[in-house]
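Structure at a glance
Residue strings, one per chain:
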Amino acid sequence: MATVNDNYLKLKAGYLFPEIARRVNVFIEANPDAKVIRLGIGDVTEPLPDACRAAMIKAVEDMGDRNSFKGYGPEQGYAWLREKIAANDFQSRGCDIDASEIFISDGSKCDCGNILDIFGDDNVIAVTDPVYPVYVDTNVMAGHTGEINEKGEYEGLVYLPVTAENNFTAEIPTEKVDLIYLCFPNNPTGATATKEHLQAWVDYARANGSIIFFDAAYEAFITDPNLPHSIYEIEGAKECAIEFRSFSKNAGFTGTRCALTVVPKNLMGKAKDGSNVELWKLWNRRQSTKFNGVSYVVQRGAEAVYSEEGKSQTRALIDFYMENAKIIREKLTEAGLAVYGGENAPYVWVQTPAGLTSWDFFDKLLQTCNVVGTPGSGFGAAGEGYFRISAFNSRDNVNEAMRRILDKFK
C-alpha cells in the first residue's frame, strides 16, 4: 500500500474556516428560518470594478480571434502587468523594485505556502501568535515542525505573542531565527507597523542572515500616510525580504484569483556547502516547473486596476469596506466590548466578554444574534479570548449584524 505524508497527520482536526462552516451548517439545519449574517471569512461581497470587468471582456474577445489569441503565457506573468505593478505599487513609493523581480500568481495564500519549496528543512521559523493559519499549517505539512501541544503550538516553531499589552506588535526575538513571517496590516488583529518597527526587523534579519516573509495583502487599506505599505520602503529590506501581495481584497479578486510575489535579485540564501545562492533563480525555477501562470484574461483584469478608472473604482471599494469597519468598531464599542484594529485594516479584533472563550463567544453570537465571526483561538494560542469580525460584507448586513449585537450586549 502506498504510504502517506505523515506530517499531515500532525495537523489539527480541521482547518479553521471549514470548522466554522461546519458549525454554521449544523446551526442552519436546526434553525432553517434563521437569517445568518457571515462576518467571519474575509471574503469580499461587492462586484468587480467596471474597469476590470471591461478589460476581461475585451480579453475574452481577444481569445476568440486567431490574431490576438493567447496560449501559454510567461510563468512569471506578462511583462505589461509586472511593469504596471512595479511602477504603481513600488517605484511610486520610492522602492527600488524592477518588474523582473515580480512574479504573478493565483493567490498570496498559495505563494505563502509554495515559497517553502525553495528553503531547506533545517531553518528555525518564527511566527507571530495569533497568526494567519496558512503560515503554520504549510510548515507542518512540509515537515518543519514537531507535534502539537495542548496549547495548540507546534514543536519547532518560535512563537512571538502579540496582544493588547504589546500593542499587537511582536518583539524582536532574542534567539536567532532563519525565516520570519510578518503580516501588516495584520490578519487577524488589524494592527499596523511603523517604519521604525519594520526597520528593527530588517536590521535583525540582516544581522542574522534571516529572511522575512512579508505579507502585505491588506496594504491598500492603510489610511495613515505615515505608515509603510511595503517592506521595501525600509532601508536594507531588499537584502532580507520577500513580499506577498494580492488583488483579492483591494479589487475584489477573491473569486478571480490574481496576486504577486516580489523576490529581489540580490536576495541570497545559503546552500549546505556554505555557498550563497540567489533566491530569485530558485523561485523562478520553481514557478517555471510547477506553475503555468495566471490566465491572460485575469491578468488583463488586474492590469486595469492601474488605469485611472481602475484606481478610482478600487479606491471606492476600499473606502466602502473601511466604512463598514468604522461602523463595526463604533457599534461594538457602544455594546461595551473592547475593540482593536479596523482603522488601517478591514478586520476588527474584539476582546471576548469576561468568562467566554473564543469559541464560546462564537457560539453565543451565532445562537443569539445569528452572526458569524472568527474565534481568535483559531489563529493561535495567544488569540484565545479574542474574536475577529470582518468588514467584508454589504452595508445592510453590517448594519443589521451590529443592531442584533447591540440588542443582546448593550
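Presented here is a report on the structure given in the accompanying data block. (Residues numbered from 1 in each chain as written. Predicted model: local features only at pLDDT ≥ 70, side-chain atom pairs only at ≥ 80, totals over all residues. Heavy atoms only, no water.)

A few points about the sheet that holds strand 3 (residues 125-129)
We count it as follows: Strand pairing follows a simple DSSP-based rule, namely that at least 2 bridges must link the two strands. Here a strand is any run of E in DSSP of at least two residues, a helix any run of H or I of at least four, and the numbering for each starts at the N terminus. Under this scheme, a helix contributes an axis fitted over its contacting stretch, all axes are lines through C-alpha atoms, and angles between N-to-C directions fall in the 0 to 180 degree range. It only takes one pair of heavy atoms within 4.5 Å for two residues to be counted as in contact.
Taken in spatial order, the seven strands make up an open sheet running 2-8-7-6-5-3-4, and their pairing is mixed. Sheet topology places strand 2 (102-105) and strand 4 (157-161) at the edges, where each strand pairs with a single neighbour. Direction aside, the axes of adjacent strands within the sheet are offset by 20° on average. Bridging between strand 2 and strand 8 (residues 259-262) involves four bridges; their strand directions are antiparallel. Of the residues in strand 8, the one forming a bridge with Phe-103 is Thr-261. Packing against the sheet, helix 3 (residues 79-90) makes contact with strand 2, strand 7 (241-246) and strand 8, and its axis sits at approximately 115° to strand 2.

Comments concerning the packing of aromatic side chains
For the record, the criterion: Working definition: rings of Phe, Tyr and Trp (its six-membered ring) pair if their centres are within 6.5 Å, and the pair is stacked with planes under 30 degrees apart, edge-to-face with planes over 60 apart, and tilted otherwise. Think of it in three bands: with a 1.4 Å probe and only protein chains considered, a residue is buried below 20% of the maximum accessible area for its type, exposed above 50%, and partly exposed in between. By definition here, charges over rings are those cases where NZ of Lys or CZ of Arg is within 6 Å of the ring centre and within 35 degrees of the ring normal.
Following the criterion strictly, the structure yields 27 aromatic pairs and no others. Judged by centre distance (5.7 Å) and plane angle (65°), the ring pair of Phe-361 and Phe-409 falls under edge-to-face. A residue pair is termed long-range when its members are at least 10 positions apart, and Phe-361 in helix 10 (residues 358-369) and Phe-409 in helix 11 (residues 395-409) qualify at 48 residues. By relative accessible area, which is 19% here, Phe-409 ends up buried. Among the aromatic side chains, those forming a connected cluster through ring pairs are Phe-119, Tyr-132, Tyr-135, Tyr-181, Phe-213 and Phe-244. The ring of Trp-80 has Arg-300 lying over it, and the distance from NZ or CZ to the ring centre is 3.6 Å. The cationic tip of Arg-388 hangs over the ring face of Tyr-347; the distance from NZ or CZ to the ring centre is 4.1 Å.

Regarding the pattern of salt bridges
What counts is decided by this rule: We count a salt bridge whenever a side-chain nitrogen from Lys or Arg sits within 4 Å of a carboxyl oxygen from Asp or Glu.
By the definition in use, this model includes 25 salt bridges. Two residues, Arg-245 and Glu-219, come together in a salt bridge whose shortest N-O distance is 3.3 Å. Here Arg-245, found in strand 7, pairs with Glu-219, found in the loop between strand 6 (211-215) and strand 7; they are 26 residues apart in sequence, far enough to count as distant. Accessibility classification places Arg-245 together with Glu-219 in one group, the buried group. With a shortest N-O distance of 3.9 Å, Lys-281 and Glu-278 are connected by a salt bridge.

Quick word on the side chain of Asn-187
Threshold: For the purposes of these results, a polar contact is taken to be a pair of N or O atoms within 3.5 Å, where, inside protein, one atom must be able to donate a hydrogen and its partner to accept one; residues adjacent in sequence count only when each atom of the pair is a side-chain atom.
On the secondary structure map, Asn-187 appears in the loop between strand 5 (179-183) and helix 6 (195-208). By relative accessible area, Asn-187 is classed as buried at 5%. Of the polar contacts made by the side chain of Asn-187, one reaches the side chain of Arg-388; its length is 2.6 Å. Setting aside anything within four residues of it in sequence, one finds Asn-187 in contact with Val-131, Tyr-132, Tyr-218, Tyr-347, Phe-379 and Arg-388.

Observations regarding the sheet that holds strand 14 (residues 374-375)
Strand order in the open sheet formed by four strands is 11-12-15-14, with antiparallel pairing between adjacent strands. A strand with exactly one partner marks an edge of an open sheet, and here the two such strands are strand 11 (338-341) and strand 14. The sheet contact formed by strand 11 and strand 12 (residues 347-351) spans four bridges and is antiparallel. If you follow Tyr-340 over to strand 12, its bridge partner there is Trp-349. With respect to the sheet, helix 10 is in contact with strand 14 and strand 15 (386-390), its orientation differing from that of strand 15 by roughly 45°.

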